Amino acid sequence: MELNIKNICAEMPNYGIYKDWQREGEILGIAIHHSETVNRATGASMGSALTFFNYHIKGRGLMHGAYHYVVAGSGEIEYALDEKITAYHAIFDDPSNSMGLEFGQHWNNHYLAICVAGWFSEHRTYRDEQGHVHLIPNNYTIPSEAQWESLVALIQQLRKKYNIRLENVRGHRELAGIHTTCPGHGFDLAELRANLRSLDEGKAKSEPSPTVPLEIKPGEHVLLLPDTDKYLDAAMVYIWKFQPDVSFSIDEARGRWQYVTVVGGQDSISESQLARLRSGGAALVQRISGDPAVVQTTLDELTKSGSRFLKETVTTSPTLLSERTYTVQPGDTLSFIANQMYGNTSQWRVIFEANRDQLVDPGRVHPGQILQIP
Ligand SMILES: [Zn+2]
């Protein structure tokens, strides 16, 4: 869809004062908020970047507004705060830094803030002058279709620009250490990510699969045999026929060969090591696993048919494979990650079992760890 973004950064109050400020830390994610500004009678979305910025400045004493983008109910997008400036959209106290959240600033420093104008919750109340609490009807408990479409397109654009991983697209309430329902109970964040994922997958499918030339020149292809004792015999016929380089060291392979055939299971070489070979420039990284007899059958069949590589995995997209890992953020727990990846906290055990090589205690994950997501 054609994205129509109105750049109003320079029209915001105090712009002249903060325009040259720079954020601390690179952009890793996007946080979604709702504005809680709606028509009192109907619950219809109201408000614009200017109203929010005025409130943040006058009501909260900030120098500028707390959102980079505002998506109105009409689907119109306002770009109100330069992405290079830190938005204070996720303020909270972690004075002892017990959550490793750098005194609560992790989310502000590393996440862009998008505000979806509206109040996406069934229950709204207001207090009248006598202090009585009244229920306010809300007929708009989810974002409008136009709003959702604009939001999805905007997120994809920002993800592409900053190489933002899918799991780092989060609702305000999904930022560790923060107690809020924002962006509202009605806002389905799992559905949002599912939507983004299917866009990623559609794109990956339409990308051409790596083309493997019929002739591989000497030195372009390596057969990696980390578990030599187990598999060397099984691979002999294949090696004799195709004459690939043969290496036992995974660490040396990165950036060295264009085509990599790995023989062995995840116990000898992990998915993330394969991902590292791909990101190191390999056009094709293919694994052949199973017990030696199975591996031998597979390799002998390839030898007989005269093809070096298995057909089906040639089309596997690196983009899709990279979605099967998760980089742990400060404050993350296994159940949080399970909810992010599967929409279900009880799946934490599946992730734990798949990462026993690096996890000892399910209660302990460390920021920066890369977990396999089966
Ligand atoms: Zn929020």
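Residues numbered from 1 in each chain as written. Predicted model: local features only at pLDDT ≥ 70, side-chain atom pairs only at ≥ 80, totals over all residues. Heavy atoms only, no water.

A.B. asks: Give me the overall build of the protein chain: which residues, what numbers.
C.D. replies: Scanning the protein chain for helices and strands turns up 13 helices and 14 strands. Looking at the 374 residues of the protein chain, the share that counts as buried comes to 46%. Long-range pairs, those at least 24 residues apart, make up 66% of the contacts in the protein chain between residues at least 6 apart in sequence. (Helix = DSSP H or I, 4+ residues; strand = E, 2+ residues; numbered from the N terminus. Buried < 20%, exposed > 50% of the residue type's maximum accessible area, 1.4 Å probe, protein only. Contact = heavy atoms within 4.5 Å.)

A.B. asks: Go over the side chain of Thr228 with me, naming the residues and quoting the values.
C.D. replies: Inspection of the secondary structure assignment puts Thr228 in helix H6 (residues 228-242). For Thr228, the side chain forms a polar contact with the main-chain oxygen of Leu225, separated by 3.1 Å. (Polar contact = N/O pair within 3.5 Å; in protein donor to acceptor, adjacent residues only side chain to side chain.)

A.B. asks: Can you explain the sheet that holds strand E12 (residues 284-288)? Please cite residues and give values.
C.D. replies: Each strand in a sheet pairs with its neighbour through backbone hydrogen bonds, running either in the same direction (parallel) or in the opposite one (antiparallel). Here we have four strands laid out as an open sheet, ordered E10-E9-E11-E12, and parallel in their pairing. Each edge of the open sheet carries a strand with a single partner, namely strand E10 (245-247) and E12. Pairwise comparison of adjacent strand axes, ignoring direction, gives a mean angle of 20 degrees for this sheet. Where strand E9 (residues 221-224) lies against E10, three bridges are found, and the strand directions are parallel. Note that in E10 the partner of Leu223 across the bridge is Val246. Contacts from H6 reach E9, E10 and strand E11 (259-263), with the element oriented near 160 degrees to E9. (Pairing = 2+ DSSP bridges. Axes fitted to C-alpha atoms, helices over the stretch in contact; angles between N-to-C directions.)

A.B. asks: Describe helix H4 (residues 145-162), and please don't skip the residues or the numbers.
C.D. replies: Between its first and last C-alpha, H4 extends 26 Å over 18 residues, near the 26 Å set by a 1.5 Å rise per residue. Three or more residues of H4 are buried, namely Gln147, Trp148, Ser150, Leu151, Val152, Ala153, Leu154, Ile155, Gln156, Leu158 and Arg159. Taken from the residues just after H4, Asn163 is the one with a positive phi, measuring 55 degrees. (Expected span 1.5 Å × (residues − 1).)

A.B. asks: Before we move on, could you go through the nonpolar core and cite the residues and values that matter?
C.D. replies: In this structure, Ile32, Ile114, Leu151, Leu154, Ile155, Phe187 and Leu192 are the most contacted members of the largest nonpolar core, which totals 27 residues. Elements that contribute at least two residues to this core include exactly strand E2 (29-34), strand E3 (69-71), strand E4 (77-79), strand E5 (111-116), H4 and helix H5 (189-206). Residues in contact with Leu192, not counting those within four places in the same chain, are Ile32, Trp148, Leu151, Val152, Ile155, Val169 and Phe187. Membership of the second largest hydrophobic core comes to 15 residues, among which are Ala49, Phe52, Tyr67 and Cys115. (Core = buried A, V, L, I, M, F, W, Y, C linked by side-chain atoms within 4.5 Å.)

A.B. asks: Give a detailed account of the pattern of salt bridges, specifying residues and quantitative values.
C.D. replies: On inspection of all chains with the given rule, the structure shows seven salt bridges. One salt bridge in this structure joins Glu167 and Arg165, with 2.8 Å as the shortest N-O distance. Judged by relative accessible area, Glu167 falls into the buried class, the value being 2%. By relative accessible area, Arg165 is classed as partly exposed at 27%. Between Arg193 and Glu174 there is a salt bridge, with its nearest N and O atoms 2.9 Å apart. Remark: Glu174 occurs in the loop between strand E8 (169-171) and H5 and Arg193 occurs in helix H5; sequence separation between them is 19 residues. Neither Arg193 nor Glu174 differs from the other in exposure class; each is buried. (Salt bridge = Lys/Arg side-chain N within 4 Å of Asp/Glu carboxyl O.)

A.B. asks: An account of a nonpolar patch on the surface is requested, with residue identities and associated values reported.
C.D. replies: Side chains of Ile17, Trp21 and Met63 sit close together on the surface and give an oily, nonpolar patch of about 270 Å² of accessible area. Relative to the assigned elements, Met63 resides in the loop between helix H2 (49-60) and E3. (Patch = residues over 30% accessible without salt bridge, like charges linked within 9 Å, V, L, I, M, F, W, Y side chains within 5 Å. Areas by Shrake-Rupley, 256 points an atom, 1.4 Å probe, with all protein chains shown as cover.)

A.B. asks: I'd like to hear about the packing of aromatic side chains, residue by residue, with values.
C.D. replies: Using the criterion set out here, one finds 10 aromatic pairs in the structure. Seen in terms of ring centroids, Tyr69 and Tyr79 are 4.7 Å apart; in terms of plane orientation they differ by 15 degrees. Their pairing is stacked. Placement of Tyr69 in strand E3 and of Tyr79 in strand E4 is noted, with a sequence separation of 10 residues between them. One exposure class covers both Tyr69 and Tyr79, and it is buried. Among the aromatic side chains, those forming a connected cluster through ring pairs are Tyr15, Tyr18 and Trp21. (Phe/Tyr/Trp six-rings, centres within 6.5 Å; stacked < 30°, edge-to-face > 60°.)

A.B. asks: Could you give an account of the environment of Tyr326, naming the residues involved and the relevant values?
C.D. replies: Relative to the helices and strands, Tyr326 is located in strand E13 (residues 325-327). Residue classification places Tyr326 among the buried residues on the basis of a relative accessible area of 0%. Excluding anything up to four places from it in sequence, Tyr326 contacts Arg165, Glu167, Arg170, Asp332, Phe336, Ile337, Met341, Gln369, Ile370, Leu371 and Ile373. At a separation of 2.5 Å, a polar atom in the side chain of Tyr326 contacts the side chain of Arg170. Polar contacts involving the side chain of Tyr326 include one to the side chain of Asp332, which spans 2.6 Å.

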